[in-house]
Amino acid sequence: MTTIDPERDLTLDRVIRAPRDAVWEAWTTPSLLAQWWVPAPTVARVDRLEVSPGGAFVTSMSDDGAPFVPHTDSVFLVVEPLHRLVFTNAVDSSWHPAKPEPVAMTAEITLDDHADGTDYRVVVRHGDAAARARHEALGFFEGWGAVTTALAELAEGGSRP
């Protein structure tokens, strides 16, 4: 397990009452990812999802279904099937250095077995304490918390809230 730097990293932990393969599928299947990747009532569109190291992760979002605006333009750094995904927006999907707004980050998603389903952990790393603080102030816990709830409901066999 990687070390958490409380000065630069934000974390979210949750037990999802579904098997790891259901959570993995919700992360790696475009039609499922689109159902939970942005907080409702905003809708997501998955433009590219190449779940392999160096693969593109590109999404758009819309408040009313049209027009869609860019949301995520990143690349996967690490893909360990059924266990870990790591992606960054510091490099865009065309492999150019990026200056993403509101913050550059590297996100690590870890899935482990839990007696009640899946131990789901998110670690979002930032370049410095100021970027971490900015991301937290912009609603990291609310936003990532809302999408994690939607992910859990989908993986557990329900529907998006």
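Our structure's up above, just so we're on the same page.
Residues numbered from 1 in each chain as written. Predicted model: local features only at pLDDT ≥ 70, side-chain atom pairs only at ≥ 80, totals over all residues. Heavy atoms only, no water.

### Topic: the pairing of strand E5 (residues 84-88)
A large share of E5 lies buried, amounting to 5 of its 5 residues. Taking every second residue as pointing to the same face, both faces of E5 are buried, with Arg84, Val86 and Thr88 on one and Leu85 and Phe87 on the other. Alignment of strand E4 (residues 69-80) against E5, held across 5 bridges, turns out to be antiparallel. Considered in E5, the bridge of Glu80 is made with Arg84. Of the strand pairs in this sheet, E5 and strand E6 (residues 106-114) are connected by 5 bridges, and their pairing is antiparallel. When the bridges of E6 are listed, Val86 appears paired with Glu108. (Buried < 20%, exposed > 50% of the residue type's maximum accessible area, 1.4 Å probe, protein only. Helix = DSSP H or I, 4+ residues; strand = E, 2+ residues; numbered from the N terminus. Pairing = 2+ DSSP bridges.)

### Section: the layout of surface pockets
What the largest pocket holds in volume is close to 730 Å³. Lining the largest pocket are 26 residues, and of these His71, Pro102, Met105, His135 and Trp144 lie nearest its centre. Residue assignment for the lining of the largest pocket shows that the elements contributing at least two residues are E4 and helix H4 (140-155). (1 Å grid on protein atoms, 1.4 Å probe; cavity = no way out; pocket = protein on both sides within 12 Å on 5 of 7 lines; lining within 4 Å. Points joined across faces, edges and corners; volume = space filled by probe spheres on them.)

### Details of the pairing of E6
Note that E6 and strand E7 (residues 117-125) share 9 bridges and pair antiparallel. Among the inter-strand pairings, Ala107 is bridged to a residue of E7, identified as Val124. The loop that links E6 with its antiparallel partner E7 comprises 2 residues.

### A word on H4
Each α-helix winds once per 3.6 residues, and so residues spaced three or four apart point in a common direction. In this model H4 runs 22 Å from its N-terminal to its C-terminal C-alpha over 16 residues, within 8% of the 22 Å that 1.5 Å per residue would give. Phe140, Trp144, Val147, Thr148, Ala150, Leu151, Ala152, Leu154 and Ala155 are the residues of H4 that are buried. Two residues or fewer after H4 comes Gly157, characterised by a positive phi angle close to 100 degrees. (Expected span 1.5 Å × (residues − 1).)

### Description of the environment of Val15
For Val15, the position within the fold is in strand E1 (residues 9-16). In this structure, the C-alpha to C-alpha distance between Val15 and Leu111, residues 96 residues apart in sequence, is 9.6 Å. When neighbours within four sequence positions are excluded, Val15 is seen to be in contact with His114, Asp116 and Thr118. (Contact = heavy atoms within 4.5 Å.)

As far as function goes, none of this settles anything; it's purely spatial.
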